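# Tertiary structure, described
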Amino acid sequence: MKSLKALLAKPFAKHIRKNVYKWAKKPIKTQEKVFKQLIKQAKNTAFGKDHDFENIHSYEDFVKRVPIRDYESLKPYVERVVAGESDILWKGKPLYFAKTSGTTSGAKYIPITKESMPTHVEAARNAILLYIAETGNTDFVNGKMIFLQGSPILKEENGVKLGRLSGIVAHYVPGYLQKNRMPSWETNCIEDWETKVEAIVDETLPEKMAIISGIPSWVQMYFERIQERTGKKIGEVFPDFKLFIFGGVNYEPYRNKFENLIGRKVDSIELYPASEGFFAFQNQQDDKGMLLQLKSGIFYEFIEANTFFDENPTRVALKDVKLGVNYVMIISTNAGLWGYNIGDTVEFTSLKPYKVIVSGRIKHFISAFGEHVIGKEVEHALNDALQNSGASINEFTVAPKIHTEDELPYHEWFIEFEKEPKHMDAFAATIDASLQQQNSYYLDLIKGKVLQPLKITKIQKDGFQNYMKSIGKLGGQNKIPRLSNDRKIAEMLTNQKKA
């Protein structure tokens, strides 16, 4: 017999889906409305005055007055907000700073305001409700759910609380989910990731887990610990486990490994959250594209990735985007980020409604020889090789090998295999053929004997975890870059291998 909560979930889910599709069917009008509200509400801020918001009446006016900025360029304004000033990037003071570790700028302080905070919570909720509306599956609503996340302990700086986004969001779990939610507050507050995972295993093993959520690489670590303890597949340990929710990285390279760990297929929902905003979520099980959140206080612009580093690249509003083009996503938000480059690249998979996949990071590519290989291409190529090989992987990254003795340079793939392919040479050749097919520059360099086909370097078990630990980024929301245009990560992995 279904519980009252399960019975009520279906009509509520259908109601929410109707509301979501209402704005999704009027995308340009929805974005125009968001744009006008943003400009109106911020015109009396320091940023608004500096950029003449008073005289911005159209998108064209905005482009003339507000340049594209990354965190470094916006930092002088952010520092004033952190110092305790009001009305700088957005009216008043922010509720929180989501503190993230930037690669070039050290710690980043991303403001979250009373207007932007609800959109993070709402989008996560709607992702689950649209899944219920589509599948009719409510079996999981009475089971336990876990989100592997950062510590919810928040510090304070000049009257504004700061912490990791996942830790901040932990304070906003709705009351009706509190009893179902795991881990306990005490366990969630453990800072050391390995200690935390062990404590989470202790707490969850006796429970009826129904939803498990987090970045795939860290959920994998949790699953492996459970398997080590019990000797059983996750699907056997948790027979009620029905839904895996993930974000942060492409799931496909992990899929074989996860299906093996779980022992059966489970439904999954991909999310696209970030400290700067909750941008998209998967709204259909048979479509990997994620529905772009157009009514969440975020105004979107796009720049074609291959022109991004030109002197004056063309900025494109939503109405002018095209399918299959690799775009850098630019946002302006009700948290006070303006013409802001979050560093991600996306591709549109649908224009009715607008759906995206994350194709990579604008800084994470390999173009040591002019090939401009991106994250989506290496993930797709690896997936092609995994499909019929019987192999599965834990983690991987790719770097150029420029300086070689008596041979052509090449791309070096560092792969930690869970199960190695029978024929490693054939596996590498399949990856290389797929890359050549996807990327004409790479194909030309191979054909022109500028590069030789890629080589695979095997990484020992837990090698990537040990690397992340060595740089203080084990667990939480931290991810291994798929690609580097230099050898920094490669050298550390190589040295670790020698040791």
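Up top is the structure these notes are about.
Now for a look at the structure at hand.

### Regarding the side chain of Ser 275
Looking at the secondary structure, you find Ser 275 in the loop between strand S9 (267–274) and strand S10 (277–284). Filtering out sequence-adjacent residues up to four positions away, Ser 275 remains in contact with Ala 98, Thr 100, Ile 110, Ile 112, His 120 and Leu 165.

### Notes on the pairing of strand S19 (residues 392–401)
Side chains on a regular strand alternate between the two faces of the sheet. Burial of S19 is extensive: 9 of the 10 residues sit out of reach of the surface. Relative to strand S20 (residues 410–419), S19 runs antiparallel, the two being bridged by 9 bridges. Of the residues in S20, the one forming a bridge with Lys 401 is Tyr 410.

### As for the sheet that holds S19
The mixed open sheet is built from 3 strands, whose spatial order is S19-S20-S21. Only two strands of the sheet have a single partner each, and these edge strands are S19 and strand S21 (455–458). With strand direction ignored, the average angle separating the axes of adjacent strands in the sheet is 30°. Sheet analysis places S20 next to S21, joined by 4 bridges and oriented parallel. Looking at S21, one finds that Glu 412 is bridged to Lys 455. Each of S19 and S20 is contacted by helix H13 (residues 252–262), which is oriented at about 155° to S19, the strand it contacts most. Along the sheet, helix H17 (residues 463–470) makes contact with S19 and S20, crossing S20 at roughly 110°.

### Some words on the nonpolar core
If you look at the biggest cluster of nonpolar residues, it comprises 85 residues, and the most contacted ones within it are Phe 302 and Trp 338. It is helix H6 (residues 117–135) that contributes the most residues to this core, 8 residues altogether.

### Looking at the packing of helix H14 (residues 375–387) against helix H15 (residues 424–438)
Following both chains from N to C, one finds H14 and H15 inclined at 140°, their axes separated by 8 Å at the closest point. What the angle tells us is that H14 and H15 run oblique. Crossing of H14 against H15: the hand is right-handed. Contacts from Lys 376, Glu 377, Val 378, His 380, Ala 381, Leu 382, Asp 384, Ala 385 and Leu 386 of H14 reach H15 at Phe 427, Thr 430, Ile 431, Ser 434, Leu 435 and Gln 438. When grouped by side-chain class, the residues that make up the contact of H14 with H15 number 8 nonpolar, 4 polar and 3 charged.

### Regarding the sheet that holds strand S11 (residues 287–292)
In spatial order, the strands read S6-S3-S7-S8-S9-S10-S11-S16-S15-S14-S12-S13; together these 12 strands make up an open sheet with mixed pairing. With one partner strand each, in any of the chains shown, strand S6 (181–182) and strand S13 (316–317) form the two edges of the open sheet. Pairing of strand S3 (residues 144–147) with S6 involves 2 bridges; the strand directions are parallel. Paired with Ile 146 across the two strands is Met 182, which belongs to S6.

### Examining the packing of H13 against H14
Following both chains from N to C, one finds H13 and H14 inclined at 35°, their axes separated by 8 Å at the closest point. For the pair H13 and H14, contact is made by Glu 252, Pro 253 and Asn 256 and by Glu 379, Leu 382, Asn 383 and Leu 386, respectively. Tallied by class, the residues present in the contact of H13 with H14 amount to 3 nonpolar, 2 polar and 2 charged.

### A short note on the side chain of Asn 126
Examined against the element boundaries, Asn 126 turns out to sit in helix H6. If we ignore the near neighbours within four places in the chain, the residues touching Asn 126 are Ile 16, Val 20 and Phe 281.

### Some words on the packing of aromatic side chains
Across all of its chains, the model carries 28 aromatic pairs by this definition. Taking 5.9 Å as the distance between ring centres and 40° as the angle between the ring planes, the aromatic pair formed by Tyr 131 and Phe 140 counts as tilted. A relative accessible area of 2% means that Phe 140 is categorised as buried. Taking 5.2 Å as the distance between ring centres and 20° as the angle between the ring planes, the aromatic pair formed by Phe 244 and Phe 258 counts as stacked. Here Phe 244 is found in strand S8 (residues 243–247), whereas its partner Phe 258 is found in helix H13, with 14 residues between them in sequence. Each of the two residues, Phe 244 as well as Phe 258, counts as buried. Three or more aromatic residues joined by ring pairs form one cluster here, namely Tyr 272, Phe 279, Tyr 300, Phe 302, Tyr 327, Phe 348 and Tyr 354. The cationic tip of Lys 455 hangs over the ring face of Tyr 410; the distance from NZ or CZ to the ring centre is 4.8 Å.

### Quick word on H6
If you check H6, its first and last C-alpha atoms are 28 Å apart, about what 19 residues at 1.5 Å a residue would give, namely 27 Å. Three or more residues of H6 are buried, namely Met 117, Thr 119, His 120, Ala 123, Asn 126, Ala 127, Leu 129, Leu 130, Tyr 131, Ile 132 and Ala 133. Remark: Gly 136 follows H6 within two positions and exhibits a positive phi of approximately 75°.

About the criteria used
- Residues numbered from 1 in each chain as written.
- Predicted model: local features only at pLDDT ≥ 70, side-chain atom pairs only at ≥ 80, totals over all residues.
- Heavy atoms only, no water.
- Helix = DSSP H or I, 4+ residues; strand = E, 2+ residues; numbered from the N terminus.
- Contact = heavy atoms within 4.5 Å.
- Buried < 20%, exposed > 50% of the residue type's maximum accessible area, 1.4 Å probe, protein only.
- Pairing = 2+ DSSP bridges.
- Axes fitted to C-alpha atoms, helices over the stretch in contact; angles between N-to-C directions.
- Core = buried A, V, L, I, M, F, W, Y, C linked by side-chain atoms within 4.5 Å.
- Parallel < 35°, antiparallel > 145°, perpendicular 65-115°, else oblique.
- Left-handed = near helix turned anticlockwise from the far one by under 90°.
- Nonpolar A, V, L, I, M, F, W, Y, C, P; charged D, E, K, R; others polar.
- Phe/Tyr/Trp six-rings, centres within 6.5 Å; stacked < 30°, edge-to-face > 60°.
- Lys NZ or Arg CZ within 6 Å of the ring centre and 35° of its normal.
- Expected span 1.5 Å × (residues − 1).

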